[in-house]
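Given next are the chains, with one letter for each unit.
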Amino acid sequence: MTSTITGLPDRYRPLDEIGPEERTGSGVIHSWRAKDRILNRDVAIRVHVPGGPPARAWIARALTAGGLATPALAMVYDASEGTGGEAGVAYVVNEWIDGQTLAERLESGPMDERQARTVLRRLAEGVAEAHRVGLAVGGLGPETVVLRPNGLVGLRAVPAAAGSVQEDIAALGALLEYCLTGRTSEGPGPAPVIAAPDLARLVRRARSTEPGARLASAAAMAALLAERPRSHSSVPVRDRDESDSGWLRRLREHREAEQSGARPDATQAVAPVGGAPHRLVPGTLPPVPPAPAPQHAEPRHAEPEDAWLEDDRRDDVWDDDVLAGDDTDDEDDEPRSSTSRRLLVIGLPLAALVVVVLLALWVGNNLLSVSGEVDSPGTTPPAPTSSAPAEDSAAPTSAAAGPVALAGGAVFDPFGDGEPENDDEVPASFDGDPATTWSTLNYRGSADFGNLKPGVGVVYDLGSAQAVGGVTLTTSTPGIVVEVRTGDAPDGELDSFAVAAAGTVDGTAELAFEEPVTTQYVLVWVTGLVPAEDGFAGTLAEVAVTPAG
């Protein structure tokens, strides 16, 4: 233990120093990973040297942050002044966040657009929560932002010794640029280029110092990152050393080119030929198919405004030609039409008569044969030939395809400290009512059960060994992470239950097994919680075991 941490309570045992030193106007802050001897958990402890009045403003900010409950910001467990040394020390104890720092992740290359949006949106949402209570977070950097194993993101150092709301927003913009390019504009060489136009604008607005151009809040940044990127042509990005006139000229040329490409002249449209599909250009009307004209029609020379009058006159001439026709043609067609009508008049009644006679023969034969079999002694009626037996035989198959009936369930908590995990609520997880649930206890500190244990679950008894193909889970806390395990006994070590499926449950999820498993006991093992009112928790509203096949 060095003199930097002299004066800390014996409750905290420092393990190793982490992160860079943070210089303040009245001293320096060192960051340590430490062990809480009382609660037996790792914590992050930051020590301000010297203590006394210069550090009390920092302690007051930490006490304000203690009321926040968001996974994006490390929770504050303790904040006070130490007693050792000439000038003393001040310290703040934070939740320890396991995971990979953003700097470590970006050593392997920049993130894709979707991942960068998700990371910065979640971080901005947490910063916005702090701003709502009047607290500027500060200390937003790639060394202090941690990617949690469950997909969330967290800031270890909360709060920094000093900071402002606008500095937080600018730091979020710098982190977004860093995630997308792996570099920052403050570094040597040319400024990094962001491919997505909307994200490039967002970075510029977040880092702008002009009141009319900069972002108003971290909540606005989170909302913009949550929007889906619009599918439009790329917009040119302004270079850092480009003049206003040059930028406006390039932007005007881009818009003119875009308009000329999106709205071509209507005379260039090609009508579909032979019913072939016609791809419409955005901003144009669909082509109008030409009206069929007779072969002897003359070319049209009417003006556009008189075209419909010319069409009417041409149609009149065509109708007169057709009606007048050729006398020879009419004389040839008349015998054929009269013969057709005569055949139609005679043929329809004959066809109807044939149908009636055949129907009468069929009915008579069937009725006579049935009555004869009934009257004659020693005969048995024929078996029915309807499809009802096939439907009845299929009924058991469809009934067997339903979920397996559960004989019971019990909480499985091999890593617990003996405190009941809402054991009496287990029947609500398979009572057929999604409104009733079994819930874990509330854990503070992190979604990983406060770093106290790897998980907790419920083991279900099928009554006998059965072939199982999967499990359908319903939860009222979307986002929980679960594993479905199978075993031969309801108790024992966690490793005695083999993992059959795993995944995240968002509402209702069907977790199918890769291969059917014959088992009597199915364990639903919850490994990741979600934010709740007083920390982190997870629920199981309905558990249905699906038989194999």
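**Details of the overall build of the chain**
Across its full length, the chain holds 10 helices and 19 strands. Across the 549 residues in the chain, those meeting the buried criterion constitute 35%. Relative to all contacts within the chain whose residues are 6 or more apart in sequence, the contacts with residues 24 or more apart total 66%. Surface summary for the chain: the accessible area is close to 31700 Å², and the carbon and sulfur share equals 55%.

**What about unusual backbone geometry?**
Put simply, Val49 and Pro50 share a cis peptide bond, and its omega is 0 degrees. With respect to the helices and strands, the residue Pro50 is situated in the loop between strand S4 (41-49) and helix H1 (53-65). For the peptide bond that leads from Val158 to Pro159, omega is -10 degrees, which places it in the cis range. Along the chain, Pro159 turns up in the loop between strand S9 (153-155) and helix H4 (165-181). Despite not being glycine, Asn422 has its phi angle at roughly 55 degrees, a positive value.

**Some thoughts on the packing of aromatic side chains**
Considering all chains together, one arrives at 6 aromatic pairs under this definition. A centroid spacing of 5.2 Å and a plane angle of 70 degrees characterise the contact between Phe412 and Phe497, whose relative ring orientation is edge-to-face. With Phe412 in strand S10 (residues 408-412) and Phe497 in the loop between strand S13 (480-487) and strand S14 (498-505), the pair connects residues that are 85 residues apart, well separated along the chain. In this structure, Phe412 and Phe497 share a single accessibility class: buried. Three or more aromatic residues joined by ring pairs make a cluster, and in this case those are Phe412, Phe415, Phe497 and Trp525. Just above the ring of Tyr77 sits the side chain of Arg41; from NZ or CZ to the centre is 4.0 Å. The ring of Trp96 is capped by Arg156, whose NZ or CZ atom sits 4.2 Å from the centre of that ring.

**Some remarks on the side chain of His131**
Position of His131 relative to the elements: it lies in helix H3 (residues 113-132). Other than its neighbours up to four places away in sequence, His131 contacts Ala136, Val165, Asp168 and Ala218.

**Some thoughts on the nonpolar core**
Membership of the largest hydrophobic core comes to 55 residues, with the highest contact counts inside it found for Leu172 and Leu176. Apart from the residues within four sequence positions on either side, Leu176 is in contact with Ala116, Leu120, Leu199, Leu202, Val203, Met221 and Leu225.

**Side note on helix H5 (residues 197-207)**
Each α-helix turn comprises 3.6 residues. Residues three or four places apart therefore point the same way. All of the buried residues along H5 are Pro197, Leu199, Ala200, Leu202, Val203 and Ala206. Here the buried face of H5 lies against H3, H4 and helix H6 (218-226).

**Re the sheet that holds strand S7 (residues 100-101)**
Read from one edge of the open sheet, 3 strands run S7-S8-S9, paired in antiparallel fashion. Bordering the open sheet on either side are S7 and S9, each of which pairs with just one other strand. Here S7 pairs with strand S8 (residues 145-147) via 2 bridges, running antiparallel. For Thr101, the partnering residue across the bridge sits in S8 and is Val146. Packed onto the sheet, H3 meets S8 and S9 and runs at close to 45 degrees relative to S9.

**Some thoughts on the packing of H3 against H6**
Where H3 contacts H6, the two axes come as close as 8 Å, and the packing angle between them is 155 degrees. In terms of their interaxial angle, H3 and H6 are classed as roughly antiparallel. As H3 runs across H6, the sense of the crossing is left-handed. Across the interface between the two elements, Arg117, Leu120, Arg121, Ala124, Glu125, Val127, Ala128, His131 and Arg132 of H3 pack against Ala218, Ala219, Ala222, Leu224, Leu225 and Ala226 of H6. Taken together, the residues of the contact of H3 with H6 sort by class into 10 nonpolar, 1 polar and 4 charged.

**Topic: the pattern of salt bridges**
Taken as a whole and assessed by the stated rule, the structure comprises 15 salt bridges. Of the charged contacts in the structure, one is a salt bridge between Arg33 and Asp42, with a shortest N-O distance of 2.7 Å. Of the residues examined, Asp42 reaches a relative accessible area of 19% and is grouped as buried. One continuous salt-bridge network, built from bridges that share partners, spans Arg33, Lys35, Asp42 and Asp98.

**Some words on the side chain of His48**
In this structure, His48 sits in strand S4. Residue classification places His48 among the buried residues on the basis of a relative accessible area of 2%. Separated by 2.7 Å, the side chain of His48 and the backbone oxygen of Pro50 make a polar contact. Those residues in contact with His48, other than ones at most four positions away along the chain, are Thr24, Ser26, Gly27, Val28, Ile29, Ala55, Trp58, Val89 and Ala90.

**Concerning the packing of H4 against H6**
When two helices pack together, their arrangement is given by the angle between the helix axes and the distance between those axes. Direction vectors running N to C along H4 and H6 enclose 30 degrees, while the axes themselves pass 10 Å from each other. Looking at the two axes, H4 sits roughly parallel to H6. Note that H4 runs across H6; the crossing there is right-handed. Facing Ile169, Leu172, Gly173 and Leu176 of H4, the residues of H6 in contact are Ala218, Met221 and Leu225. Partitioned by chemical class, the residues of the contact of H4 with H6 number 6 nonpolar, 1 polar and no charged.

**As for the environment of Leu225**
Positionally, Leu225 belongs in helix H6. On the basis of relative accessibility, which here comes to 3%, the residue Leu225 falls in the buried class. Sequence-wise, Leu225 and Ala116 are 109 residues apart; in three dimensions their C-alpha atoms are separated by 9.2 Å. Discounting residues that sit within four places of it in the chain, Leu225 has contacts with Arg117, Leu120, Arg121, Leu176, Leu199 and Leu202.

**Structural notes on the confidence of the model for the chain**
Low pLDDT marks regions whose predicted coordinates should not be analysed in detail. For the chain, mean pLDDT is 77; residues scoring 70 or higher make up 71% of the total. Taken as a whole, residues 262-276 scores under 50 in pLDDT and shows 12 contacts with residues more than four places along the chain or in a different chain. In this model residues 370-400 is a low-confidence stretch, pLDDT under 50, and it forms 3 contacts with partners more than four residues away in sequence or in other chains.

Rules behind the numbers
- Residues numbered from 1 in each chain as written.
- Predicted model: local features only at pLDDT ≥ 70, side-chain atom pairs only at ≥ 80, totals over all residues.
- Heavy atoms only, no water.
- Helix = DSSP H or I, 4+ residues; strand = E, 2+ residues; numbered from the N terminus.
- Buried < 20%, exposed > 50% of the residue type's maximum accessible area, 1.4 Å probe, protein only.
- Contact = heavy atoms within 4.5 Å.
- Areas by Shrake-Rupley, 256 points an atom, 1.4 Å probe, with all protein chains shown as cover.
- Phe/Tyr/Trp six-rings, centres within 6.5 Å; stacked < 30°, edge-to-face > 60°.
- Lys NZ or Arg CZ within 6 Å of the ring centre and 35° of its normal.
- Core = buried A, V, L, I, M, F, W, Y, C linked by side-chain atoms within 4.5 Å.
- Pairing = 2+ DSSP bridges.
- Axes fitted to C-alpha atoms, helices over the stretch in contact; angles between N-to-C directions.
- Parallel < 35°, antiparallel > 145°, perpendicular 65-115°, else oblique.
- Left-handed = near helix turned anticlockwise from the far one by under 90°.
- Nonpolar A, V, L, I, M, F, W, Y, C, P; charged D, E, K, R; others polar.
- Salt bridge = Lys/Arg side-chain N within 4 Å of Asp/Glu carboxyl O.
- Polar contact = N/O pair within 3.5 Å; in protein donor to acceptor, adjacent residues only side chain to side chain.
- pLDDT = per-residue confidence, 0-100.

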